[in-house]
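# Fold and geometry: a report
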Amino acid sequence: MSTIVLRSVKGSPLTHNEVDDNFNNLNVDKIQSGDTVAALTITTLTATNDATINGLTVGKGANSVSTNTVLGDDALDAAVTGDKNTAVGHEALTANTSGARNTAVGSVSLQSNTTGADNTALGRGTLSANVSGAQNTAIGKSALEVNIASNNTAVGHQSLDANTSGANNTAVGQTSLTANTTGADNVAIGKSALGANTTGYNNTGIGSGAASGLTAGGDNVAVGFNTMLATVTGNENTAIGNDSLKALTTGNNNVAAGANALAANTTGAKNTAIGQGALDANTTASFNTAVGSDALGANTTGADNTAVGKNALESNSEGIQNTAVGKNSLGTNITTNYNTAVGWNSLNANITNENSAFGTSAMEKNTTGARGTGLGAYVLGLNTSGTKNTAIGYTALYNNTTGSNNVAIGESAGLSATTSTGNVIIGAEAVKTGTFTGYNNVVIGKLAGEDLTSADANVIIGEDAGKNQTTADNNVFIGQAAGEATTTGALNTVIGQAAYASSTTGNRSVALGVQ
């Protein structure tokens, strides 16, 4: 640029030569329409219309609404009254007329919008089909590309890109809710989360692949990697934890919380699994509840079971209507039914039906013994195949193995019984010492019949009554310490306190009254 001499700078009038030089320099440096300039420095440029620079429009867009901002070819070029819009990119907001407060950054973003307001589109093709939908946010190439609804949020490449009229959806992650068309009120966070959903509603998928196969199901919650991965139309399922309910297809109303919980379930309904691996092999069975790591872990088709505690009913596969509460309770049960075990290791070895055990290690060794009832720690603890036994009280009938149809009530009642059958033993420490194999005895009272071994068909009632009897049969001792000294005497009838207290081996005696 040539130098122009100014009088204000020189401080005196210009000479004729200086004036001529100034005119010459201005003619050399002037820029006319059509001129090409290699470089131009302008300190301030004020234009009253949009400027086109190398084919790029810069300004306020059509109608020059004062609060609009435009940067891009054909961007916001149809605007009539819409204000506070920002359009950056080729044909961004190109059709907008009265839509206000929209932000479009990216080629053809919000391209079809006319009256929709308060939309934000960042990325090529984002919200490009939107016409009147409002309050949508799309970030990522093709996010909400064909959307015409309102109140959707899509963040990630192709997230919600097939959505048309579905409203109130939130998708964060590449291809999340990518197939959704009319489904509403869904939340998907994570790559491909709820990726196949089309018309499903009120679903929540959080985690890569969460509920990615769901198409039309409703009211599902999937949180964790690949949760509800195969679900197609299931409803009202909740899966929390990696791979939980992973194989579910059409089952409804299931709850799985914990890695791999209900992982193999396909069509089973109304199951609840809480804990790592709980009910993880279940396929089609319904109405099961498992709380605890690996609880009901092998169950496949068994229904109506309840397991609470680590490894509770762990081996059960087909058994139904079993209840196990406590670590390892009913741990080896596989196909048998109608058992109840409450307490650590209770009925742990059981493989038969209709037993009830309450207490730590109650009926712990029972295998094939059926219809037994145990209440108290270690009751019937060694029972294996004895059936129809009832034991109530700490260690009652603990040593019984194969004996059946016995009733023992009281602490350590019938503790010495092993193979005995058909006995009724009531009282603390009654029939406690030695090894008892007798049949059909009735013993009632503390320490009554304490030393019985192979005696049969005796009736002993009263504290210490028949206390030292071992092998004698068919005695009746009624009263405190009645027949206390008898050891092998048989067929005696003794009634009264301490009656017949000194005889040991006498037979067929009758004694009535106090000693």
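Our structure is the block above this text.
Below is a short write-up of the structure. (Residues numbered from 1 in each chain as written. Predicted model: local features only at pLDDT ≥ 70, side-chain atom pairs only at ≥ 80, totals over all residues. Heavy atoms only, no water.)

## Digging into the overall build of the chain
- Each helix and strand counted, the chain has two helices and 29 strands in total.
- Based on the C-alpha atoms only, the size of the chain along its principal axes is roughly 165 × 50 × 30 Å.
- Expressed as a percentage of its 515 residues, the buried residues of the chain come to 45%.
- Partitioning the intrachain contacts of the chain with sequence separation of at least 6 by distance along the chain shows that 0% fall at a separation of at least 24.
- Side-chain charges of the chain comprise 20 positive and 34 negative groups, with the mean position of each set lying 2 Å from the other. (Helix = DSSP H or I, 4+ residues; strand = E, 2+ residues; numbered from the N terminus. Buried < 20%, exposed > 50% of the residue type's maximum accessible area, 1.4 Å probe, protein only. Contact = heavy atoms within 4.5 Å. Lys, Arg positive; Asp, Glu negative; His and termini not counted. Charge placed at Lys NZ, Arg CZ, Asp CG, Glu CD.)

## Digging into the side chain of Thr175
- Among the structural elements, Thr175 can be located in the loop between strand 9 (170-172) and strand 10 (187-189).
- The class of Thr175 is buried, set by a relative accessible area of 12%.
- Here Thr175 is in contact with His157, Gln158, Ser159, Ser192 and Gly195, once residues within four sequence places are set aside.

## A few points about the packing of aromatic side chains
- Throughout the structure, instances matching the rule amount to one aromatic pair.
- Plain terms: the ring middles of Tyr378 and Tyr394 are 6.1 Å apart, the flat faces sit at 85° to each other, and that makes the pair edge-to-face. In this pair, Tyr378 is assigned in the loop between strand 21 (373-375) and strand 22 (390-392) and Tyr394 in the loop between strand 22 and strand 23 (407-409), connecting sequence segments 16 residues apart.
- Given the relative accessible area of 32%, Tyr378 is considered partly exposed.
- What makes Tyr394 partly exposed here is its relative accessible area of 44%. (Phe/Tyr/Trp six-rings, centres within 6.5 Å; stacked < 30°, edge-to-face > 60°.)

## Some words on the side chain of Ser109
- Locating Ser109 in the fold gives a position in the loop between strand 5 (103-105) and strand 6 (120-122).
- Note on Ser109: relative accessible area 0%, which makes it buried.
- Engagement of the side chain of Ser109 in a polar contact is seen with the backbone nitrogen of Val105, the distance being 3.4 Å.
- Other than its neighbours up to four places away in sequence, Ser109 contacts Glu91, Ala92, Leu93, Ala104, Ala121, Gly123, Gly125 and Thr126. (Polar contact = N/O pair within 3.5 Å; in protein donor to acceptor, adjacent residues only side chain to side chain.)

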